[in-house]
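Spelled out from the first residue to the last, the chains are:
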Amino acid sequence: VGDTMMWVAHNWAGLVAFDTKGRYDTYPFSPSAPNSNANYRIIPSLSRILVCPGGKQTTNANIGLSANINIFRDNHWDALQGTAKDTLMDLIDVAVDPLDSTHWMAASWGNGIIEIQHDSIINVYNESNTNHVLTPYKSTNFRSLRTGGVAFDLEGNLWATNSLNANSLAVRHTDGTWKGFNTESMVARAEVDKIIYDSIHGYKLFAGSANKIFVHDGESKQSFIDPNYGSKMSTIAVNCMVQDQSGDIWIGTNKGIKVIYDLYKAFERGGRGEQS
């Protein structure tokens, strides 16, 4: 303060004050803010906003950001605690357990499913501890467990996508057991990185690089919805999905919003799905 302080704007440290009166001590100042400018997916949850700062390139390659979640609550930004996050990468989705709001599951594009309790990573699920339900994508010597989307159902079971594999849909039951669903005939080992749980009918809806929304009943029925079927506006990408309180599915596309009003018909028309 006064003539003894030098104020410096720093590229990554923010605002720094130097005490120039013999000591040259530094005092960093920074507002409460996320610890990363990367924002891949935003998830509102009760009195919190969860932001996944991971990501992937258009070629599906990792960006390589350390696994983290930015948490906005009580008008303040926090992040995951501990050093476990430093060995993982690219969290691109997170789901909050409806039975315990301090318990979250996050999808890592490369490392599998990350379990979080009280803002700390407590477990990592991959092929070694899921009875090989979560299976990595393999090419020569390259291996990457690309789980792209996670969603809890109302009973607390976790549903997750597993990209570029025959079993692109998986579930972790509340008793800790895992089960995979062979979707190759419908999904064809495509990239899948978005999933939502339909709270009205119990369906699981997931999507990825293909311009389709895949629907699974969690047992044996599977179908897909073509966002251009019955729509006057032709689009080429499904960017996001959400269900409103009436059960309608709102789809964010490359040209705007489309809506599925009659999801209950998803398994009619020979599995083609219904109009959007």
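The structure we're discussing is the one just above.
Residues numbered from 1 in each chain as written. Predicted model: local features only at pLDDT ≥ 70, side-chain atom pairs only at ≥ 80, totals over all residues. Heavy atoms only, no water.

Let us look at the packing of aromatic side chains. Following the criterion strictly, the structure yields 6 aromatic pairs and no others. If you follow lysine 56 out to its NZ or CZ, it ends over the ring of tryptophan 109, 5.0 Å from the centre. The lysine or arginine in question, lysine 212, covers the ring of phenylalanine 224, its NZ or CZ lying 4.5 Å from the ring centre. (Phe/Tyr/Trp six-rings, centres within 6.5 Å; stacked < 30°, edge-to-face > 60°. Lys NZ or Arg CZ within 6 Å of the ring centre and 35° of its normal.)

This part is about the sheet that holds strand β21 (residues 222-225). Strand order across the open sheet formed by 4 strands is β18-β19-β20-β21, with antiparallel pairing between neighbours. Each end of this open sheet is capped by a strand with a single partner; those strands are β18 (192-197) and β21. In this sheet, adjacent strand axes meet at a mean angle of 25° when their direction is disregarded. Two strands pair when backbone bridges link them, and strand β20 (residues 213-216) and β21 are joined in this way by 4 bridges, in the antiparallel orientation. Counted as the bridge partner of isoleucine 213 is isoleucine 225 from β21. (Pairing = 2+ DSSP bridges. Helix = DSSP H or I, 4+ residues; strand = E, 2+ residues; numbered from the N terminus. Axes fitted to C-alpha atoms, helices over the stretch in contact; angles between N-to-C directions.)

In this structure, Leu50, Ile69, Val94, Trp104 and Ile116 are the most contacted members of the largest nonpolar core, which totals 16 residues. Those elements that place two or more of their residues in this core are β5 (48-52), β8 (91-96), β9 (103-110) and β10 (112-117). For this core, the leading source of residues is β8, giving 3 residues. Apart from the residues lying within four places of it in its own chain, the contact partners of leucine 50 are Arg41, Ile42, Ile43, Ile69, Asn70, Ile71, Val94, Val96 and Trp104. (Core = buried A, V, L, I, M, F, W, Y, C linked by side-chain atoms within 4.5 Å. Buried < 20%, exposed > 50% of the residue type's maximum accessible area, 1.4 Å probe, protein only. Contact = heavy atoms within 4.5 Å.)

A few words now on a nonpolar patch on the surface. Nonpolar side chains collect at one region of the surface, where Val242, Trp250 and Ile257 lie side by side and expose about 300 Å² of accessible area between them. Residue placement: isoleucine 257 occurs in strand β24 (residues 256-260). The exposed category is assigned to isoleucine 257, whose relative accessible area is 59%. (Patch = residues over 30% accessible without salt bridge, like charges linked within 9 Å, V, L, I, M, F, W, Y side chains within 5 Å. Areas by Shrake-Rupley, 256 points an atom, 1.4 Å probe, with all protein chains shown as cover. Salt bridge = Lys/Arg side-chain N within 4 Å of Asp/Glu carboxyl O.)

A separate point is the pattern of salt bridges. Following the criterion strictly, the structure yields 9 salt bridges and no others. A salt bridge links aspartate 78 to arginine 73; the shortest N-O distance between them is 3.4 Å. The salt bridge partner of glutamate 184 is arginine 189, with a shortest N-O separation of 2.8 Å. Residue classification places arginine 189 among the partly exposed residues on the basis of a relative accessible area of 40%. Three or more residues joined by partner-sharing salt bridges are found here, namely Lys56, Glu191, Asp193 and Lys194.

Fair warning: the whole summary comes from geometry, so function is off the table for now.
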